[in-house]
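Commentary on secondary and tertiary structure
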Amino acid sequence: MPNRLRHETSPYLRQHADNPVDWYPWGQEALSRARHEDRPILLSIGYSACHWCHVMAHESFENPAIATLMNRDFVNIKVDREERPDLDTVYMAAVQMLTGGGGWPMTVFLTPDGRPFYGGTYFPPEDRPGMPGLPRVLAAVVDAYRERRGAVDQTADEIRENLDTQFRWALPESALSPALLDEAYRALAAQFDRRNGGFGGAPKFPPSMALEFLLRTLHRTGSPEARSMLELTLERMARGGIFDQIGGGFHRYAVDAIWLVPHFEKMLYDNALLARIYTLAYQVTGHPLLRQVAEDTFDYVLREMTAPEGGFYATQDADSEGVEGKFYVWTLEELADILGERDAAIVARFYGVRSSGNFEGRSILHVPDAPDAVAAALGIDVDELARVVAAARPRLYAARAGRVWPGRDDKVLTAWNGLMLRALAEAAVVFERQDLLDAAVRNARFLREHLVSNGRLLRVYQDGDARLPAYLEDHAALAGALVSLYEATFDAGWIAWAGELARSMLDRFWDDENGAFFDTADDQERLVARPKDVFDSATPSGNALAAEALLRLSWLLDDDELRRRATTVLERFGQVAVQHPNGFGALLTACDSALAPSREIAVVGDPTHPDTVALLRAARETYLPHRVVALRHPDRPEEERIVPLLLGRVAVGGRPTAYVCEGHVCRLPVTSPAALAAELGRAGEGRDQLGGV
């Protein structure tokens, strides 16, 4: 008989609707029952694309005997971490305090008032070496709760106090300086894997935020080492099995140190962050591989992860037919059946397909050798190799499409959509692709229409239903995306909305006592602690996203209050970021934005006129991370009220005109692309004097 989760819209929760466990969603019904019956709460947190969440569900939550124990002694609550990042942040911090580690599935035991007192991650259905089975854990927890209640309450109180201290972040402010960025860079470089790229060993996650900090370091200092680390990591990921060589897009992470064997789930946020860093790195280096990977990733998202209305879906599973990775792996025989013997041999050599396989007897496609080496080994020229591989990709994709597809979580999350929206808007400018810009505009319109209710931003949309008040990361990611969308479209309505989101962040999320932003609004559900997470996880921290968005808005809106609040965040956590640079890449990038002189470019002209187009191209064609671009249409005087950067700007001699300002100091207007490029070059003079590594 289905349990209460059958009424939920979350695909992850619905996956457990037929469990024999008497699951509740998080809410007053479950919490009231726990208090009324004085039962401990078993809280299980996961997400739909999580492989080990599926394993634990199959082994334990579908097991009638284990379900009987859970139903007899606990109030059982299932949470989708993607919908409720506040619950996930609080209880993950508790599990890390208790065990020294964390992950999903997360299993936490709470008192009826929500205080955690014991927890872990995956528990098997029976005892294994070094790992107690879930039945043993359930029995021990119940015994402690009933027979040693005082000790349980003491532990729960200590954890609650520690959580409150951790999230308070009562740190002194410290002045920002280029030396701070240099020190963080050196600490990050010390963790670099110089053989394989990335940081540390296995498992290896795509270091999106750290890579953007490396790109900023390269821009700020010209460091050859920063460039080498950036390019090596991007190349190795692009050639690895973590990148879907046939369908485009990135898997979640590699279980090894060489980017070969991935955990096969695909997450919207990874693909947003990675597509953007590949786009920006291409803008700096001009390397065609980086452009190809970025565009392949965007094409994957538009093809497989976009709803008809314009929202972007959350995830694709790792498993199909109950087997992890089955959808993505190949044999030599399959290649030959699809491509014929000759082309299959070429493609197999290029993608590292062997008869023995590299993953459970089958092969994950990757590019182990450079194309010229492969061509030489095969006795063909590089152009012929490229032709065969390019022709094979759509044929292999079509064949793969006939397999059983991995499941897809088709909910729309505002924060993750904001990350993809920003990536699309910026790539549309760099690659001059109208289809990417169209997708970005369609997404923004979808979010405005479906994820705003009575002026309040919401978190999640599923099956026509939008719900849950948005968190800090939702506001911040979307605000930053709208700045980029404005710069791609020059529709001032997007900046107006971004300004509203900024004001909401300041009004609802700001911590007046200790500075920076809480993850939850002042009127959202009160948990055992109010989370304030500043570490990057799989996504940038909400505080880092907020600081960067407020800075960029302050340049366009000439708003010192936005700049002051952003700087407060950065001064509060700058020293912590130096000590842990791999966990603070996004905040360090925002620090770079705060320290560098901004370049504000105001263009006056019809954006469809060739002369205006040429000016805009000159303004945008190089990587200038501290630049904002605004445009005043000749027939829209109201734009200067929304974007003060445009105030008083006029066309000189009736010609499209550009104004370049730096730190509130503006240069003479120019009307030619060459003159604008020269002005931007002069605006960047002295950049290297900001610091060096």
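Residues numbered from 1 in each chain as written. Predicted model: local features only at pLDDT ≥ 70, side-chain atom pairs only at ≥ 80, totals over all residues. Heavy atoms only, no water.

Overview of the pairing of strand E2 (residues 41-46)
Extensive coverage of E2 is indicated by the burial of six of its six residues. Sheet topology note: the E2/strand E3 (residues 75-80) ladder contains six bridges and is parallel. Across the sheet, residue Ile-45 finds its bridge partner in E3, namely Val-79. Examined bridge by bridge, E2 and strand E4 (residues 106-110) share five bridges and lie antiparallel to one another. In the strand pairing of E4, Leu-42 is matched with Phe-109. (Buried < 20%, exposed > 50% of the residue type's maximum accessible area, 1.4 Å probe, protein only. Helix = DSSP H or I, 4+ residues; strand = E, 2+ residues; numbered from the N terminus. Pairing = 2+ DSSP bridges.)

Here we look at the state of the cysteines
Between two cysteines, a covalent bond joining their sulfur atoms is known as a disulfide. Applying the stated criterion to the full structure yields two disulfides. Two residues share a disulfide in this structure: Cys-50 and Cys-53, whose sulfurs sit 2.4 Å from each other. Across the S-S bond linking Cys-50 and Cys-53, the dihedral sits near 80°, which makes this disulfide right-handed. This pair shows no difference in class: Cys-50 is buried, exactly as Cys-53 is. Through a disulfide, Cys-661 is tied to Cys-666; the S-S separation comes to 1.9 Å. Disulfide Cys-661-Cys-666: the torsion about the S-S bond is 95°, which places it as right-handed. (Disulfide = S-S within 2.5 Å.)

So, the nonpolar core
One finds Tyr-278, Phe-298, Leu-482, Leu-485 and Phe-517 to be the most contacted residues of the largest nonpolar core, which totals 185 residues. The contact partners of Leu-485, leaving out residues within four places of it in the chain, are Leu-421, Ala-425, Leu-437, Ala-440, Val-441, Ala-444, Phe-490 and Trp-494. With 27 residues, the next largest nonpolar core counts Tyr-24, Leu-43, Met-106 and Val-108 among its residues. (Core = buried A, V, L, I, M, F, W, Y, C linked by side-chain atoms within 4.5 Å. Contact = heavy atoms within 4.5 Å.)

What about the pattern of salt bridges?
Taken as a whole and assessed by the stated rule, the structure comprises 66 salt bridges. A salt bridge links Glu-212 to Arg-276; its shortest N-O distance comes to 2.8 Å. One end of the pair, Glu-212, is in helix H9 (residues 208-221); the other, Arg-276, is in helix H11 (residues 268-285), with 64 residues separating them in the sequence. One salt bridge in this structure joins Arg-393 and Asp-296, with 3.3 Å as the shortest N-O distance. Of the two residues, Arg-393 is situated in helix H16 (residues 382-401) and Asp-296 in helix H12 (residues 288-304); the sequence distance between them amounts to 97 residues. The burial state of Arg-393 is the same as that of Asp-296; both residues are buried. (Salt bridge = Lys/Arg side-chain N within 4 Å of Asp/Glu carboxyl O.)

Some remarks on the side chain of Asp-88
Tracing the backbone through its elements, the reader meets Asp-88 in helix H5 (residues 85-99). When its relative accessible area of 6% is taken as the criterion, Asp-88 is described as buried. Once residues lying within four places of it in the same chain are set aside, the contact partners of Asp-88 are Ile-45, Arg-81, Trp-104 and Met-106.

Description of the sheet that holds strand E17 (residues 599-604)
Strand order across the open sheet formed by four strands is E18-E17-E19-E20, with mixed pairing between neighbours. In this open sheet, the two strands that pair with only one neighbour each are strand E18 (627-632) and strand E20 (665-666). In this sheet, E20 lies alongside strand E19 (residues 657-662) in antiparallel orientation, the contact comprising two bridges. Directly across from Cys-661, in E20, lies its bridge partner Cys-666.

Quick notes on the packing of aromatic side chains
In the structure shown here, the tally under the stated rule is 25 aromatic pairs. Summarising the aromatic geometry, the rings of Tyr-486 and Phe-490 are spaced 5.7 Å apart at their centres and angled 90° between planes, so their arrangement reads as edge-to-face. Judged by its relative accessible area of 3%, Phe-490 falls in the buried class. Through pairs of rings, three or more aromatic residues link up here, namely Phe-264, Phe-327, Tyr-328, Phe-359 and Trp-405. We note Arg-4 situated over the ring of Tyr-24; from NZ or CZ to the ring centre the distance is 3.8 Å. (Phe/Tyr/Trp six-rings, centres within 6.5 Å; stacked < 30°, edge-to-face > 60°. Lys NZ or Arg CZ within 6 Å of the ring centre and 35° of its normal.)

Some words on the pairing of E4
For E4, a buried count of five out of five residues is recorded, marking the element as mostly surrounded by other parts of the structure. Residues Met-106, Val-108 and Leu-110 of E4 are buried on one face, and the alternating residues Thr-107 and Phe-109, pointing to the opposite face, are buried as well. In the sheet, E4 pairs with strand E5 (residues 116-120) via four bridges, with the strands oriented antiparallel. Across the sheet, the residue bridging to Val-108 is Gly-119, located in E5. The turn joining E4 and E5, which pair antiparallel and follow one another in sequence, is formed by five residues; a positive phi near 95° is taken by Gly-114.

Observations concerning helix H2 (residues 28-37)
Within H2, burial applies to Ala-30, Leu-31 and Ala-34. Taken down its axis, H2 places every buried residue within 95° of arc, on the same side. Of the exposed residues in H2, those oriented more than 90 degrees away from the buried face are Glu-29 and His-36. On its buried face, H2 is in contact with strand E1 (23-25), E2 and E3. Count one or two residues on from H2 and you reach Asp-38, which has phi positive near 50°. (Arc of directions from axis to C-beta.)

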